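Analysis of the macromolecular model
Residue-level listing of the chains:
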Amino acid sequence: MTRWMGPGEIKTMRAESDTRVGGHYRIVMQAPNVGKEGLQTGDLIFFATNGGSQVSHAGIYVGEGRFVHAPATGGTVKLDSLSKAYWQKAYLSAKRVLQPEHLAHNP
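This write-up is about the structure you can find in this document.

Criteria and thresholds
Residues numbered from 1 in each chain as written. Predicted model: local features only at pLDDT ≥ 70, side-chain atom pairs only at ≥ 80, totals over all residues. Heavy atoms only, no water. Helix = DSSP H or I, 4+ residues; strand = E, 2+ residues; numbered from the N terminus. Phe/Tyr/Trp six-rings, centres within 6.5 Å; stacked < 30°, edge-to-face > 60°. Buried < 20%, exposed > 50% of the residue type's maximum accessible area, 1.4 Å probe, protein only. Lys NZ or Arg CZ within 6 Å of the ring centre and 35° of its normal. Pairing = 2+ DSSP bridges. Axes fitted to C-alpha atoms, helices over the stretch in contact; angles between N-to-C directions. Salt bridge = Lys/Arg side-chain N within 4 Å of Asp/Glu carboxyl O.

1. Notes on the environment of Val34
Looking at where Val34 falls in the secondary structure, it is placed in the loop between strand 4 (24-29) and strand 5 (44-47). In this structure, the C-alpha to C-alpha distance between Val34 and Ala94, residues 60 residues apart in sequence, is 5.2 Å.

Following this line, the structure appears as structure tokens:
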């Protein structure tokens, strides 16, 4: 199953199930967790920007401590750093939905 999700509109793959909760989709992904120290390009990273413990924002890791995300629905995609205090505090987890050998590489 494939779904477009709100803030940042990250296309998730291989969703095991989904449930509509308060106008948003809750996705259960069959993908391995990745520790912060093991992040690789293409990993999905999840944040609780509302101060809670549930995912409220997501981005795609691009390497060198950076990730891309859309700060607001319909907003411009932005390159940001995980080292910023805001993202450090809001960081929850990461998932590897694609193995590195399936990613395009620059020559």
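2. Here's the deal with the packing of aromatic side chains
The full count for this structure, using the stated rule, is five aromatic pairs. Plain terms: the ring middles of Phe47 and Tyr91 are 6.0 Å apart, the flat faces sit at 80° to each other, and that makes the pair edge-to-face. Remark: Tyr91 occurs in strand 9 (residues 91-95) and Phe47 occurs in strand 5; sequence separation between them is 44 residues. Judged by its relative accessible area of 15%, Tyr91 is buried. When the centroid spacing of 5.2 Å and the interplanar angle of 85° are considered together, the rings of Phe67 and Trp87 count as edge-to-face. A residue pair is termed long-range when its members are at least 10 positions apart, and Phe67 in strand 7 (residues 66-69) and Trp87 in helix 1 (residues 85-90) qualify at 20 residues. Ring pairs connect the aromatic residues Phe47, Phe67, Tyr86, Trp87 and Tyr91, which therefore count as one cluster. Lys36 extends its terminal NZ or CZ atom over the ring of Tyr91, reaching a point 4.4 Å from the ring centre.

3. Here we look at the sheet that holds strand 8 (residues 78-81)
Across the sheet, which stays open at both edges, the five strands sit in the order 8-7-6-5-9 with antiparallel pairing between neighbours. Among the strands making up the open sheet, the edge pair consists of strand 8 and strand 9. Sheet twist, expressed as the average angle between the axes of neighbouring strands with direction ignored, equals 35°. Relative to strand 8, strand 7 is paired through four bridges, and the arrangement is antiparallel. Within strand 8, the position partnered with Val68 by the bridge is Leu79.

4. What about the pattern of salt bridges?
Counting across every chain of the model gives four salt bridges. Close ionic contact of Asp43 with Arg96 constitutes a salt bridge, the shortest N to O distance being 2.8 Å. With a gap of 53 residues between them, Asp43 in the loop between strand 4 and strand 5 and Arg96 in the segment after strand 9 connect regions that are remote in the sequence. In this pair, the class of Asp43 matches that of Arg96, namely buried. Asp80 serves as the salt-bridge partner of Lys84, at 2.8 Å between the closest nitrogen and oxygen. Here the residues in one salt-bridge network are Lys78, Asp80 and Lys84, joined through shared partners.

5. Regarding the environment of Gln54
Tracing the sequence through the fold places Gln54 in the loop between strand 5 and strand 6 (57-63). Measuring from C-alpha to C-alpha, the distance between Gln54 and Leu92 comes to 8.2 Å, with 38 residues separating the pair along the chain.

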